[in-house]
Amino acid sequence: MYSYCYGNKHSALNLGLHCKIRISLLKKSETSAHQLIMSRAQAESVIKNIIREIVQECASKGHSLSETLVAFMVKAVVLDPRNEFNVDRTLTKDDVQKLIKYCVERLIDVRSPSLDTIKMQVYFDMNYTSRREFLDEHRRVLDARLTPVTREITDSRARTREELESLYRKIVSYVLLRSGLGSPTDIAVVREATAALQSVFPQTELGTFMSLTKRDKERQLQELTLIVSGIRLFNKECGKGGEGIDDLPGILNEAIPATTQNVDIEIQNSQQAAFRYTTLVESLQQHDPLPSPSEFPIQLLKDSLINVRQHEAFLRILLNDIIGCAQQVEMLVNQLSARMEQLQQTVQSKTAVPTAQVYPQFISISHLWTCFQDEMVLLSVLSNILASIEPFTRTQRDMFPEELVAPHIQNLEVKTDEQRILETMGNRVDPADFKDIPAIQWLFPETTKNYDRLLLQYRGCCGYAIVKYDRLLLPGNPDIGIMQYQEKLYVFSSKAAAYEFARNPEEYITLVGEAAKKSPELIQLLELHQQFAAISPYSQGEGGKLIEKPVTKSDSGTQTDTHILEENIVKDYEWNEWELRRKALKLANLRSKITKSSQTNLSNLRRQNATQVYLPKDQISQTKTTGQSNVPKPQVFLAGLRGIRGIRTMVKVDLTRDVDEI
């Protein structure tokens, strides 16, 4: 499995600039636009040099540190008002050396729970990301490793038989590497994959494959990988193959509960340590007869409390992701079982099945198995992060082991977070007491939807306790009432703390920022990034108070013309991708077509012809006199046709009249 470091998104320079370390290299009276640009460029150069020098000095003392951690420490030292840095004036050489000295001293302190907390936060921020980004990075790394193999296949110009056989073996190796189902050096795995590939893509098809474009080759390789993987997985399910294929569902079903149990144990240990430290700090601050501060320095106890609270917060993030893995695996197991059963019904011991029926199912099975592999990678990364943040809690465990603390709190009640909340249940704030402060509103479970899902400030800790007891973290009780002030929500550990905070919320919010400057690890733990993004570091000119950046506002309006550009409507635009595909295929087919023409004897009739003639003239003629003639009508009578007694022959009598008689 792979472990990734996402350091590229938080470079030392970017983090250093984000820390609001603004070094003024020009006098305010000379700040023109060009000078301001030069000032920023010079400031970036100074920051880089400072960070680089601190890294080198720590390395000379035997401590190898990342630039990101050093940049964060530079931010912490500059923000700490006890160091009295004024970044609104030009930093002298002595100021730079002083900054480097303070940073090196804090970075090489091996007995500092505060430094361990900062290291833990930097490591988690550099290595943890969302589930989607984890998997995208894994696929990107896999594609990068397969790029040389893919290039050898797509750029091949094999001609001879030996070259074609070598190309086919490379395709088999690509299928195994892409699918992750067995090693390409295992002969049994290679034989099984080759047999599956030959059933889909016989070696005789290499000629057609060679004629494809590079993009089509890559697409066909991916499709062949999915089909071959699906065939092998189905054969494994049927007990007829599956050489070198691990039982990922079974492995995940065993690994996820074990990892969840380990995280639960770590969370319980961190919580128990937090409960002990909180009880001991409260007793020391009440001046009870307990060990001297030299044996239990109260500030180190508070730093240790912050360390275990931060560790617990990170563990809960990892636990949430692991629970998501478990839910995803359960869903995938059901889908894979249903898909295998459907494929079994499709095949049903048939000797031949249409590829249109089985190939999509093989591809679906392969996609499901890829999801199992993603869950394995994600679980491996989460396990690595879990193991890597544990060493950052060893300093406080070695300084205050349970055996050392237990005798001094045996007569005290070690309260859990749940017990502290139960003690203050029912003791609610009365909103009527704050009618004179309209900016404050109080929310209660009965009148607020999704009350337990509201985003609380300071990660649910009591802001009053952080200020009153100098960075002591106490859990707030939402049942007392959630105070809404300037669209932000605050909870408190007691009703009295709520009343004190609500009387002057701006002052307490500012003092929480001051406390975070003394312990910069609280910026991430209490999620104070937004507050510190709008606040400049400590300045001597205001007596050590925070200087808020001026917020300038002005009324402005803009108006745009209607249709300032001429219309450009594409007449042949198509939104349907299938119509676009049809047109693309039509155009592609035209590449192999030739336009021909011929003419026949009658083809001229298919076109329009026109002729021009002289119109006929009107003419008349006249003859001489009109004459007529008439002739007699010939008449003949035949007698004796039926026979006459005494006459045996027929007699013909001419009855035609003479012409003269007419």
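Refer to the preceding data block for the structure.
Starting afresh in each chain, residues are numbered from 1 along the sequence in its written order. Only residues with pLDDT of at least 70 get local features here, since the model is predicted, and only at 80 or more are side-chain atom pairs given and counted; chain-wide, interface and lining totals rely on the full set of residues. The side-chain numbers reported here are obtained from all heavy atoms of the structure, hydrogens and water having been left aside.

Engineer: Looking at this structure, how should I read the sheet that holds strand β3 (residues 488-490)?
Structural biologist: The strands making up a sheet associate through hydrogen bonds between their backbones, and the pairing can be parallel or antiparallel. Strand pairing is assigned whenever DSSP identifies at least 2 bridges connecting the two strands. A run of H or I in DSSP becomes a helix once it reaches four residues, and a run of E becomes a strand once it reaches two; helices and strands are each numbered from the N terminus. Strand order in the open sheet formed by three strands is β1-β2-β3, and the pairing between neighbours is antiparallel. Each edge of the open sheet carries a strand with a single partner, namely β1 (440-443) and β3. Neighbour to neighbour, the strand axes of the sheet diverge by 30 degrees on average, direction disregarded. In this structure, β1 lies alongside strand β2 (residues 482-485), joined through four bridges in antiparallel fashion. Pairing of W442 across the sheet is with M483, part of β2. Contacts are assigned to residue pairs with any non-hydrogen atoms lying within 4.5 Å of each other. Only the stretch in contact is used when a helix axis is fitted, and all axes are lines through C-alpha atoms; the angle between N-to-C directions ranges over 0 to 180 degrees. Helix α18 (residues 495-503) rests against β1, β2 and β3 of the sheet, and its axis sits at about 155 degrees to β1. Lying over the sheet, helix α19 (residues 505-518) contacts β1, β2 and β3, oriented at roughly 95 degrees with respect to β2.

Engineer: I keep staring at the layout of surface pockets and nothing clicks. Help me out?
Structural biologist: Any empty space left between atoms is shown by rolling a water-sized probe over those atoms. Each cavity reported here is a set of points on a 1 Å grid over the protein atoms alone in which a 1.4 Å probe fits but cannot get out, each pocket an open set with protein on both sides within 12 Å along at least five of seven lines, and each lining residue one with an atom within 4 Å of a point. Grid points are joined across faces, edges and corners, and a volume is the space filled by probe spheres set on the points. Considering only enclosed or pocket space, the largest pocket measures out at about 940 Å³ in volume. Considering the residues around the largest pocket, the lining is formed by 33 residues, among which L142, R178, S179, G180 and Q373 are closest to the centre. Of all the secondary structure elements, the ones that give two or more residues to the lining of the largest pocket are α6 (131-154), α7 (161-179), α10 (214-238) and α13 (355-389). Classification used: nonpolar for Ala, Val, Leu, Ile, Met, Phe, Trp, Tyr, Cys and Pro, charged for Asp, Glu, Lys and Arg, polar for all others including Gly. Each residue belonging to the lining of the largest pocket can be placed in one class, and the counts come to 15 nonpolar, 12 polar and six charged.

Engineer: Please explain the packing of aromatic side chains as it appears in this structure.
Structural biologist: Aromatic ring pairs are reported here in terms of the distance separating the ring centres and the angle at which the planes meet. Two rings from Phe, Tyr or Trp (for Trp, the six-membered ring) form a pair when their centres are within 6.5 Å of each other. A pair whose planes differ by under 30 degrees is stacked, one over 60 is edge-to-face, and the rest are tilted. For the structure shown, the criterion picks out 17 aromatic pairs. Taken together, a centroid distance of 4.8 Å and an interplanar angle of 15 degrees make the contact between F124 and Y128 stacked. Between Y464 and Y508 the ring centres are 5.6 Å apart and the planes differ by 50 degrees, which places this aromatic pair in the tilted class. With a gap of 44 residues between them, Y464 in helix α17 (residues 463-468) and Y508 in helix α19 connect regions that are remote in the sequence. Throughout, exposure labels follow a simple rule: accessible area from a 1.4 Å probe, protein chains only, divided by the maximum for the residue type, with under 20% read as buried, over 50% as exposed, and the rest as partly exposed. Its relative accessible area of 14% is what places Y464 among the buried residues. What links up through ring pairs into an aromatic cluster is the set F434, W442, Y458, Y464, Y490, F492, Y499, F501 and Y508. When the NZ atom of lysine or the CZ atom of arginine is within 6 Å of a ring's centre and also within 35 degrees of its normal, the charge is said to sit over that ring. Above the plane of the ring of F209 lies K217, whose end atom (NZ or CZ) is 5.9 Å from the centre.

Taken by themselves, the reported measurements are silent on function.
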